[in-house]
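Remarks on the overall topology
Now for the letters of each chain:
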Amino acid sequence: ANCANTGILQVEVKESPVITLPDAKEYLVCKNTNPIAVTIEISSQPDVNYLWYYRADDLGVFRYQDETTSDFVATKRGEYQVKATNGVCSSFSPII
């Protein structure tokens, strides 16, 4: 507690994290390659956490993949998305 500023509320406005995707938004693998292992890397930012999501196709629902780093190894064919959060604000990447 800060007794010198009793009754004063300080508000800090934070920006949403910016997600910078790699130049390649489409990754190609051979049809018979199983399992696949494609690393998707985004530019990391300090004090930002990343949550990765996957869906098999555009009819499915994105499901959390239990991965929280700025790089992710895709092991399934389909679509991926990452959510960046700085504890206050969050933003989603375009679908990868």
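Parameters and conventions
- Residues numbered from 1 in each chain as written.
- Predicted model: local features only at pLDDT ≥ 70, side-chain atom pairs only at ≥ 80, totals over all residues.
- Heavy atoms only, no water.
- Helix = DSSP H or I, 4+ residues; strand = E, 2+ residues; numbered from the N terminus.
- Buried < 20%, exposed > 50% of the residue type's maximum accessible area, 1.4 Å probe, protein only.
- Polar contact = N/O pair within 3.5 Å; in protein donor to acceptor, adjacent residues only side chain to side chain.
- Contact = heavy atoms within 4.5 Å.
- Core = buried A, V, L, I, M, F, W, Y, C linked by side-chain atoms within 4.5 Å.
- Pairing = 2+ DSSP bridges.
- Salt bridge = Lys/Arg side-chain N within 4 Å of Asp/Glu carboxyl O.
- Patch = residues over 30% accessible without salt bridge, like charges linked within 9 Å, V, L, I, M, F, W, Y side chains within 5 Å.
- Areas by Shrake-Rupley, 256 points an atom, 1.4 Å probe, with all protein chains shown as cover.

What to know about the side chain of Gln-81
Relative to the helices and strands, Gln-81 is located in strand β5 (residues 79-85). Since its relative accessible area comes to 14%, Gln-81 is described here as buried. There is a polar contact of 2.7 Å between the side chain of Gln-81 and the backbone oxygen of Ser-93. Ignoring anything within four residues of it in the chain, the contact list for Gln-81 reads Leu-51, Trp-52, Tyr-53, Phe-62, Phe-92, Ser-93, Pro-94 and Ile-95.

So, the nonpolar core
Ile-42, Tyr-50, Trp-52 and Tyr-80 are the most contacted members of the largest nonpolar core, which has 15 residues in total. The set of elements that each furnish at least two residues to this core consists of β1 (38-41), β2 (49-55), β4 (71-74) and β5.

Digging into the pairing of β4
Only one face of β4 is covered, namely the one carrying Phe-72 and Ala-74; the face carrying Asp-71 and Val-73 has none of its residues buried. Where β1 lies against β4, four bridges are found, and the strand directions are antiparallel. Bridge assignment links Thr-39 to a residue of β4, and that residue is Val-73.

Looking at the pattern of salt bridges
Taken as a whole and assessed by the stated rule, the structure comprises one salt bridge. Linking Arg-55 and Glu-79 is a salt bridge whose minimum nitrogen-to-oxygen distance equals 2.6 Å. With a gap of 24 residues between them, Arg-55 in strand β2 and Glu-79 in strand β5 connect regions that are remote in the sequence.

Topic: a nonpolar patch on the surface
On the surface, a nonpolar cluster with roughly 390 Å² of combined accessible area is contributed by Leu-9, Val-11 and Val-13. Within the element layout of this structure, Leu-9 appears in the segment before β1.

Focus on the sheet that holds β5
Read across the open sheet, the four strands follow the order β3-β2-β5-β6; overall the sheet is antiparallel. Looking at the sheet topology across the chains shown, the edges are occupied by β3 (63-64) and β6 (90-92). In this sheet, β5 lies alongside β2 in antiparallel orientation, the contact comprising seven bridges. When the sheet's bridge partners are listed, Arg-55 is paired in β5 with Glu-79.

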